[in-house]
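Chain by chain, the residues:
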Protein chains: 2
Amino acid sequence: MKIDYKKELETASKGMIMIHEPKLLIKLIVRMIVRKLRVKHAAMILFEPRRNAYVLNISRGELGVKVPAGFTRFTGESPIIRVFNRREFRPLTFNPNAILSEDINRLIWHESIISNGNGNGKLTKELLCKVDEQMQMLNAVACVPAYYRHKLMAILLLGEKHDGSRFEQEELDFFAALASDAAMAIRNAQLFEDLKREADRNRALFLQTIEVLGSTIEAKDAYTHGHTGRVTEYSVALARQMAANGSAHFPEVFFENLYIAGLLHDIGKIAIPESILNKQGKLTDAEYEIMKQHTVRGVEMVAPLSLPKESLEGIRNHHERFDGRGYPDGFKGEAVPMSAAIMAVADTFDAMTSDRPYRKGLSKEAAMEEIRRCCGTQFNPVVVKAMLELYEHGKM
Amino acid sequence: MKIDYKKELETASKGMIMIHEPKLLIKLIVRMIVRKLRVKHAAMILFEPRRNAYVLNISRGELGVKVPAGFTRFTGESPIIRVFNRREFRPLTFNPNAILSEDINRLIWHESIISNGNGNGKLTKELLCKVDEQMQMLNAVACVPAYYRHKLMAILLLGEKHDGSRFEQEELDFFAALASDAAMAIRNAQLFEDLKREADRNRALFLQTIEVLGSTIEAKDAYTHGHTGRVTEYSVALARQMAANGSAHFPEVFFENLYIAGLLHDIGKIAIPESILNKQGKLTDAEYEIMKQHTVRGVEMVAPLSLPKESLEGIRNHHERFDGRGYPDGFKGEAVPMSAAIMAVADTFDAMTSDRPYRKGLSKEAAMEEIRRCCGTQFNPVVVKAMLELYEHGKM
């Protein structure tokens, strides 16, 4: 059965562009070569920009490549890399697209073509011998370079053919075209990976900064050590439980928005005088009115961030009550945004169970009893249900 | 001169993958068609996922496309989109890869092939007439669809050939292959754009959050309104001036790191009691010791962010002095990190020129005089030089 190289190349190249993981891409290319093209084994050496080295990435086939463990990285000084990075290799080999071990052997004895080590950019016998050695070590009978804009991106290493015959010109041309397409696809995939990494890193930086922002209040309010983190954790756990027991359907983004709201819910307290914030006795009515402003001040402070609606609602409305007697908006029942209703339970639970200098925290049992008692008045029953479930399962 | 379609396709496809702006990509493809392939004009309709619509992106050539302004978007209900989204079009046209206006005209009168509007997924005469109308409006004699995984990604619109001849099969096959490669390259470019946008958005979110974080101190320290922003602005201006006058060579990232340092330089003051922070008289020695801790506390607060070295140095060391008598580390001369040395000048200048409840701010002239006086003792002369230049140029 004759192999239609043109068709194989088209099929292979088509798929390559859309694979954005370099390692998976190489795996697929090498697998295709071994399965379809009657080569015993194949491998690829890939340039990895972040390590500034050529790395043997994968080897497939019945024999595999005889490479000592650890000997899988090649610097620019490695013979096989040097020879492909030198333009001279092309006219000196018998094939413009590849180095074949049989050609090297011929060249080594062809004193009139290669110089004897006197430089001038020509291939030396010494270098060719080293390339030959390296190819034997890699168990490769042919090496096909892949360039992208004159930069050596990869080297395709080919083992023997199953029928033991020589590589024909048509086959080598095919491998050269394949390697060239692969080099571009690999470069594309590497750029994708870099960009993805950058996006992820920037996202992580944003969330970490939100965390630091949320924790600033703890530097000021001595009595809330760890409060922000715990309220955030409880809130997300409550939402997950509500989704699990079927009482709510949240899109995945809801959890991140709630997480942000949890971290920032008390940020407005930065603007409240310490004398009120850290007062050990009961607040006067006037002081309480100032204290209540932390919800609205919080939203004002984070305004430049254009946070998602659910995050802002969590910050502004986490002191609303189910019966409408909360602040700042006096929302009632279902009108209280769900993120805020969840945080109200989490916030109260943590406030009740935490020690204060002037009083010891309640036990979890007592706090849960209080939350159950306030179901339908202070708290949304749907959230209380999830809270009781978490508590019963020992998760709260 | 015969056109080597295979070669043209290879050349075109190779370049396409690495162009990551969809619009530029289409421009290049369309230009190539018009220039090399003897077509009077060409255009491309591209699916834009974010608008969920097909949009006429570009039109090239001597005649252009006769499209009324505003009629450049096509929904899935548009005849030309409908016909390519229906599998039936293939066997019904005379060419498997394209719709030609001459074929449509033949089909419209070919009652035995098309149904007369009784549905069943067949092309109706009515739909074909509308497609014909649309192609006339677009001045296209051939439409070539490009699919990616069965999704219609784009339609290539071709005008007449320069010699007025029909499109040959070889040409249509070429355009189909080109359109197919283009569809994949366009999809790749769209994914790149999406990812780039995400990375940029996340970076902006991070920097905005840093800004909010920096401004929290102003919610507490009533006398520093706008101080953080001004110190940041002055610092970056000083660094730019130092680069401009040749006294320093900063990599571009230095300016962003300095910007972050400026925004966060006083963040540690959050941890300083208001009674000290807002005291109107002179601080006692004990109070001053506590106040000085804001540098170290600031670095502690932002530790989770793993900020760049220069940002951290700016926060920690912006109260160092050139003569070594500053805090917290008592660094001297060149040992004071440059970001901190720059911020020291910016911070002092803003503190001197700002009003306080108990005193009016100095004039800029008087403040500059003071900075000049402290050159070499409190301040690094290189920074003072830049400051004087900015002031002389009316930029400070």
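In this text, all values refer to a predicted model and were calculated from it rather than measured experimentally.

Criteria and cut-off values
- Residues numbered from 1 in each chain as written.
- Chains lettered and ligands numbered in written order.
- Predicted model: local features only at pLDDT ≥ 70, side-chain atom pairs only at ≥ 80, totals over all residues.
- Heavy atoms only, no water.
- Helix = DSSP H or I, 4+ residues; strand = E, 2+ residues; numbered from the N terminus.
- Contact = heavy atoms within 4.5 Å.
- Buried area = accessible area lost by both parts, 1.4 Å probe.
- Least-squares fit on C-alpha atoms with pLDDT ≥ 70 in both.
- Salt bridge = Lys/Arg side-chain N within 4 Å of Asp/Glu carboxyl O.
- Buried < 20%, exposed > 50% of the residue type's maximum accessible area, 1.4 Å probe, protein only.
- Pairing = 2+ DSSP bridges.
- Phe/Tyr/Trp six-rings, centres within 6.5 Å; stacked < 30°, edge-to-face > 60°.

Participant: How should the side chain of B:Glu389 be read in this particular structure?
Facilitator: Looking at where B:Glu389 falls in the secondary structure, it is placed in helix H16 (residues 381–392). Once you skip the residues sitting within four places of it in the chain, B:Glu389 turns out to touch B:Gln241 and B:Asn245.

Participant: Help me understand the interface of chain A and chain B, please; the structure alone is not making it clear to me.
Facilitator: Size of an interface, as often reported, equals the accessible area lost when the parts are brought together. Contacts between the two partners involve 40 residues from chain A and, on the opposite side, 39 residues from chain B. Approximately 3800 Å² of surface area, both sides summed, lies buried where chain A meets chain B, with 73% of it carried by carbon and sulfur atoms. When residues of the side of chain A that touches chain B are traced back to their parent elements, those giving at least two are helix H1 (5–16), helix H7 (169–220) and helix H12 (294–302) of chain A. Ranked by the residues each element gives to the side of chain A that touches chain B, the list is headed by H7(A), at 23 residues.

Participant: Hey, could you run me through the relation of the copies chain A and chain B in this one?
Facilitator: At an RMSD of 0.1 Å, chain A and chain B line up after a rotation of 180 degrees and a shift of 0.0 Å along the axis. Taken together, the turn and the small shift mark the pair as related by a two-fold rotation axis. Most of the interface of chain A is mirrored in chain B: 98% of its interface residues are interface residues there too.

Participant: Any chance you could explain the pattern of salt bridges here in plain terms?
Facilitator: In the structure shown here, the tally under the stated rule is 44 salt bridges over all chains. Where B:Arg230 meets B:Asp350, a salt bridge forms, and the shortest distance between an N and an O atom there is 2.4 Å. On the criterion of sequence distance, the pair formed by B:Arg230 in helix H8 (residues 227–244) and B:Asp350 in helix H14 (residues 338–353) is long-range, its members being 120 residues apart. Classification of B:Asp350 by relative accessible area gives buried; the value is 1%. Put simply, B:Arg325 and B:Asp323 hold a salt bridge, and the shortest N to O gap is 3.5 Å. Among the ionic contacts, a cluster of salt bridges with common partners joins A:Glu193, A:Asp194 and A:Arg197.

Participant: Teacher, can you tell me more about unusual backbone geometry here?
Facilitator: Keep in mind that most residues, glycine aside, have a negative phi and that most peptide bonds are trans. All names here are of chain A. The omega torsion of the bond from Tyr327 to Pro328 falls at 5 degrees, within 30 degrees of zero and hence cis. Here Pro328 shows up in the loop between helix H13 (309–317) and helix H14 (338–353). Its identity is not glycine, yet Asn139 carries a phi of approximately 60 degrees, on the positive side.

Participant: When you look at the pairing of strand S5 (residues 142–148) of chain B in this model, what are you seeing that I'm missing?
Facilitator: Successive side chains on a regular strand alternate, one facing one side of the sheet and the next facing the other. Residues and elements named next belong to chain B. Buried residues dominate S5, accounting for six of its seven residues. When strand S4 (residues 99–100) meets S5, the two strands line up antiparallel, connected through two bridges. By the bridge assignment for S5, Ile99 is matched with Cys143. Summarising the sheet, S5 and strand S6 (residues 151–158) pair through seven bridges and their orientation is antiparallel.

Participant: What is the right way to look at the packing of aromatic side chains in this model?
Facilitator: As enumerated under the stated definition, the model contains 17 aromatic pairs over all chains in all. Ring centres of A:Phe250 and A:Phe255 lie 5.9 Å apart, and the angle between their planes is 85 degrees; this geometry places the pair in the edge-to-face category. For A:Phe250, a relative accessible area of 18% gives the class buried. Where B:Tyr288 meets B:Tyr327, the ring centres are 6.3 Å apart and the plane angle is 85 degrees; that geometry is what we call edge-to-face. Residue B:Tyr288 is found in helix H11 (residues 285–292), and its partner B:Tyr327 is found in the loop between helix H13 (309–317) and H14; the two are separated by 39 residues along the sequence.

Participant: Mind showing me how you'd approach the pairing of S6(B) here?
Facilitator: All names here are of chain B. Counting buried positions over the eight residues of S6 gives seven, a clear majority of the element. Here five bridges tie strand S1 (residues 41–48) to S6, and the two strands are oriented antiparallel to one another. Residue pairing in the sheet places Met44 in a bridge with Leu156 of S6. The turn joining S5 and S6, which pair antiparallel and follow one another in sequence, is formed by two residues; a positive phi near 50 degrees is taken by Arg149.

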